[in-house]
Amino acid sequence: MVDTDITISTMDDQLVLDLAATIRHDGHGGVADDLNTPAGLTRWLRERPEDSAVSRAVDIRRYTADEEALRAVREVRTAARALFARAVAPGPPSRADAGRLPAAGTALDVLAAAAARVPTVPRLLWPADGQPVVVREWLTGAAESGPAERGPVERGVAEAGQGPGPADRLAAVLAEAAMAFLAGPGRELLRACPAPRCVRYFVKEHPRQEWCKPSCGNRARVARHHARRRAVPPEGGAGG
Ligand SMILES: [Zn+2]
């Protein structure tokens, strides 16, 4: 059976799930981390869709991540996974990091601090021929140099060397996306996949969905089948 990608309500929700999923089953019974090195972060960013929220932070097709950006993104990921573990309770959390995540209060503080690395203000856009819409703009200028320079968050990337750096901007957009997801309808549908070896969080798309992907369902059924066979004494005959 072919694995199908999970599609959920918003791009930002998908971004947060994708970030959490960088800690994943390695295919050999262990856990792999796609964000172990700056190169891993660079690769992950390049794999995001063009209109992903991270493209508001950096030019995802050309940006090369450094240690500082890696640290910032991993911090947000740890906080998000800690809050994912809280969201799925009383169900079991992902086995990948259960027991070594920060407390929920600490995780919430980490997200708040990350979002605050790039202060934003609301701005109403109202084109003559369109509907009014509120966008968030970055405040990138220094206070003493007069009015703050503003770069619309929704449109383009701040100039290099001006205002918050890439690590700040990545942390801020990922933290905001995590906050929006956790405060939105996806949180109640979040589950840790119970399939053997899988460590993935997913959002249930229909009430009977048990696994993150059909392949996990297949693996779980095979495991249950073998467990039943082992439970039968060899000379018992039942189930052959
Ligand atoms: Zn799974």
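If you're wondering where the values come from, they're calculated on a predicted model, not measured in any experiment.

Below, the discussion takes up the overall build of the protein. Each helix and strand in the protein was counted, giving six helices and seven strands. In sequence order, the protein lays out its α and β elements as α-β-β-α-α-α-β-β-β-α-β-β-α. Evaluated residue by residue, the protein yields a buried proportion of 32% over its 240 residues. Taking all contacts inside the protein whose residues are at least 6 apart in sequence as the whole, residues at least 24 apart take part in 58%.

Running from N to C, helix α1 (residues 11-20) and helix α3 (residues 67-88) cross one another at 100°; their axes reach a closest spacing of 9 Å. Classified by the interaxial angle, the pair formed by α1 and α3 is roughly perpendicular. For the pair α1 and α3, the contacting residues are V16, L19 and A20 in the first and R77, A80, R81 and F84 in the second. The residue inventory of the contact of α1 with α3, partitioned by class, reads five nonpolar, no polar and two charged.

What follows covers the environment of E68. With respect to the element layout, E68 can be found in helix α3. A C-alpha to C-alpha distance of 8.7 Å links E68 and P38, two positions 30 residues apart in sequence.

Turning to its location among the elements, A87 is positioned in helix α3. According to the C-beta neighbour criterion, A87 is buried, with 21 such atoms within 10 Å. A sequence separation of 100 residues divides A87 from R187, and the C-alpha atoms of the two residues are 6.2 Å apart.

If you check helix α4 (residues 104-115), its first and last C-alpha atoms are 17 Å apart, about what 12 residues at 1.5 Å a residue would give, namely 16 Å. All of the buried residues along α4 are A107, V110, L111, A114 and A115. Angular distribution of buried residues about the axis of α4 spans 130°; they occupy a single face of the element. Residues G105, T106 and A112 are exposed on α4 and point more than 90 degrees away from its buried face. Those residues of α4 that are buried are in contact with α3 and α5 (166-183).

Attention now moves to unusual backbone geometry. Where the residue is not glycine, phi is negative for most of them; where a peptide bond is considered, it is trans in most cases. Going from A89 to P90, the amide bond is cis rather than trans, its omega being 5°. Along the chain, P90 falls in the loop between α3 and α4. Notably, R197 is not glycine yet its phi reads approximately 75°, a positive angle. By the element assignment, R197 lies in the loop between β6 (190-192) and β7 (201-203).

With that out of the way, let us pick up the confidence of the model for the protein. On average, residues of the protein score 84 in pLDDT, and 83% of them reach the 70 mark or higher. Contacts of residues 1-9 to residues separated by more than four positions or lying in other chains number 15 contacts, the stretch itself having pLDDT below 50.

Counting 58 residues, the largest nonpolar core has V76, L170, A171, L174 and A178 as its most contacted members. When residues of this core are traced back to their parent elements, those giving at least two are α1, α2 (38-46), α3, α4, α5, β6 and β7. Top element by residues in this core is α3. It accounts for 12 residues. Discounting chain neighbours no more than four positions away, the residues touching A171 are A72, V73, E75, V76, A114 and R117.

Here A82 lies in helix α3. Overall, A82 belongs to the buried group, with 23 C-beta atoms counted inside 10 Å. Taking the C-alpha atoms as reference points, A82 and A107, 25 residues apart in sequence, are found 6.5 Å from one another. Leave out the neighbours within four places in its chain, and A82 touches L101, P102, A104 and A107.

The rules behind these values
Residues numbered from 1 in each chain as written. Predicted model: local features only at pLDDT ≥ 70, side-chain atom pairs only at ≥ 80, totals over all residues. Helix = DSSP H or I, 4+ residues; strand = E, 2+ residues; numbered from the N terminus. Buried ≥ 20, exposed ≤ 12 C-beta atoms within 10 Å, placed from the backbone. Contact = placed C-beta atoms within 7 Å. Axes fitted to C-alpha atoms, helices over the stretch in contact; angles between N-to-C directions. Parallel < 35°, antiparallel > 145°, perpendicular 65-115°, else oblique. Nonpolar A, V, L, I, M, F, W, Y, C, P; charged D, E, K, R; others polar. Expected span 1.5 Å × (residues − 1). Arc of directions from axis to C-beta. pLDDT = per-residue confidence, 0-100. Core = buried A, V, L, I, M, F, W, Y, C linked by C-beta atoms within 7 Å.

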